[in-house]
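Listed here are the chains, written in short residue letters.
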Amino acid sequence: MWDAFDSVLRRRRSVRRFTPQPIVEQDMRDVLEAGVLAPNSSNLQPFELYWARSPEKKAALVTACLSQSAARKASELVVCIARWDRWDATRAEYLAFLERDPQSVPKPVMLYYRSLSRGLYSLGPLGVVGKMRKLGANVAGLTRAVPRAPYDREDLRVWAIKSASLCCENMMLAAAAKGFDSCPMEGNDPLYVADVVGLARGEWKQTWDVAMVLAFGFRDPQGGVWGTQWRRSREKLVHEI
């Protein structure tokens, strides 16, 4: 099992040029399903995926992604949007699912989704609840470890992007397992992306942000990958403490 995973892991590269070969639709749907199944904070799933199907949407996304080669050459484009405005609705939906058979769920879990999670993520009117939570944590944190966030909208934004990034990683590895390639693109204009996916420009960084746009396709053997993969030394990246 490890050898198979290691092969997929090492096959995945950020590919900037793709061939015209199309991706089988079911393979793309499987990749999207892999994203949906990604681990995420408190199972609140603070992300949405937008798969561009029409030529018009693809062209608009290429422009939004600054016309970089990975976007222009991709067979498929998927936008991953981090959403932190729907955490409570998702919490309620998940709680309803758990309450179908509450006896099978540990009591602390039920307590968390019934009440504690609302206290953890809610900011309250004008952010008052978040500010009070920050004050309480700073005091309690003098003598013990405590949750330090989210206290404000920016904390929620970071929280959502973390989970959205896990979703993207799942999709990129799934594509590698399917035998095709991907490129995560942070180079994009989020306001132009908003126009493509139907989000309000004025809500950028208020309720949503672009985690990244993913390009998918089959790598071009001529210039698809920029040379041999390089990483900093393990001594600089991995610390045993």
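Here, every reference points to the structure presented above.
Sequence order as written defines the numbering, with residues in each chain counted from 1. Residue-level local features of this predicted model are given only where pLDDT is at least 70; pairs of side-chain atoms are given and counted only at 80 or more, and the full residue set underlies all totals for whole chains, interfaces and linings. Calculation of side-chain values draws on the structure's entire complement of heavy atoms; hydrogens and water are dropped beforehand.

Novice: Tell me what's going on with the pattern of salt bridges, and back it up with residues and numbers.
Specialist: A carboxyl oxygen of Asp or Glu within 4 Å of a side-chain nitrogen of Lys or Arg is what we treat as a salt bridge. Throughout the structure, instances matching the rule amount to 18 salt bridges. In this structure, the salt-bridge partner of R29 is E25, at a minimum N-O distance of 2.9 Å. A residue pair is termed a helical-turn pair when its members lie 3 or 4 positions apart in one helix, as R29 and E25 do in helix 2 (residues 25–36) at four residues. Classification of R29 by relative accessible area gives partly exposed; the value is 38%. Measuring nitrogen to oxygen at the nearest pair gives 2.6 Å for the salt bridge that ties D181 to R219. Residue D181 is found in strand 3 (residues 181–185), and its partner R219 is found in the loop between strand 4 (208–217) and helix 10 (234–237); the two are separated by 38 residues along the sequence. Secondary structure elements are taken from DSSP: a helix is a run of H or I of four residues or more, a strand is a run of E of two residues or more, and numbering for both begins at the N terminus. Classification of residues uses two cut-offs on accessible area relative to the type maximum, computed with a 1.4 Å probe and protein chains only: under 20% is buried, over 50% is exposed, and between them is partly exposed.

Novice: Can you break down the environment of D181 residue by residue, with the values?
Specialist: What makes D181 buried here is its relative accessible area of 3%. C-alpha of D181 to C-alpha of R219: the two residues are 38 residues apart in sequence and 6.1 Å apart in space. Working rule for contacts: check all heavy atoms of both residues, and any pair within 4.5 Å makes them a contact. Apart from the residues within four sequence positions on either side, D181 is in contact with R11, V15, F18, A175, A215, F216, G217, F218 and R219. For D181, the side chain forms a polar contact with the side chain of R11, separated by 2.7 Å. One polar contact links D181 to R219, side chain to side chain, over a distance of 2.6 Å. By the criterion applied in these results, polar contacts are pairs of N or O atoms within 3.5 Å in which, for protein atoms, one can donate a hydrogen and the other can accept it, and in which residues neighboring in sequence qualify only through two side-chain atoms.

Novice: Explain the pairing of strand 4 to me, and be specific about the residues and the numbers.
Specialist: Successive residues of a regular strand alternate their side chains across the two faces of the sheet. In terms of residue burial, strand 4 counts as a mostly covered element, since ten of its ten residues are buried. The sheet contact formed by strand 2 (residues 76–83) and strand 4 spans eight bridges and is antiparallel. Residue pairing in the sheet places V79 in a bridge with V213 of strand 4. Strands are treated as partners if at least two bridges between them are detected by DSSP. Note that strand 3 and strand 4 share five bridges and pair antiparallel. Each residue of the ladder has a partner; that of C183, found in strand 4, is A215.

Novice: Help me get a handle on the packing of aromatic side chains, residues and values and all.
Specialist: Between 30 and 60 degrees the pair is tilted, below 30 it is stacked and above 60 it is edge-to-face, where a pair is any two Phe, Tyr or Trp rings, Trp via its six-membered ring, whose centres lie within 6.5 Å. A complete count under the given rule lists eight aromatic pairs for this structure. Plain terms: the ring middles of Y121 and W159 are 4.9 Å apart, the flat faces sit at 45° to each other, and that makes the pair tilted. Highlighted residues: Y121 in helix 6 (residues 107–121) and W159 in helix 8 (residues 153–178), separated in sequence by 38 residues. Assigned by exposure class, Y121 and W159 land together as buried. Put simply, the rings of Y94, F97, Y112 and Y113 pair up and form one aromatic cluster. Put simply, a charge is over a ring when the Lys NZ or the Arg CZ is close to the ring centre, within 6 Å, and near the line of the ring normal, within 35 degrees. One cation-aromatic arrangement involves R53 over W51; the distance from NZ or CZ to the ring centre is 3.8 Å. Against the face of Y192 rests R201, its NZ or CZ located 5.2 Å from the ring centre.

Novice: Got a sec to walk through unusual backbone geometry? Specific residues and values, please.
Specialist: Residue P150 is reached from A149 by a cis peptide bond, and omega for that bond is 5°. You can see P150 is positioned in the loop between helix 7 (128–140) and helix 8. One non-glycine residue, S67, lies in positive phi territory at about 55°. Looking at where S67 falls in the secondary structure, it is placed in the loop between helix 3 (55–64) and helix 4 (69–73).

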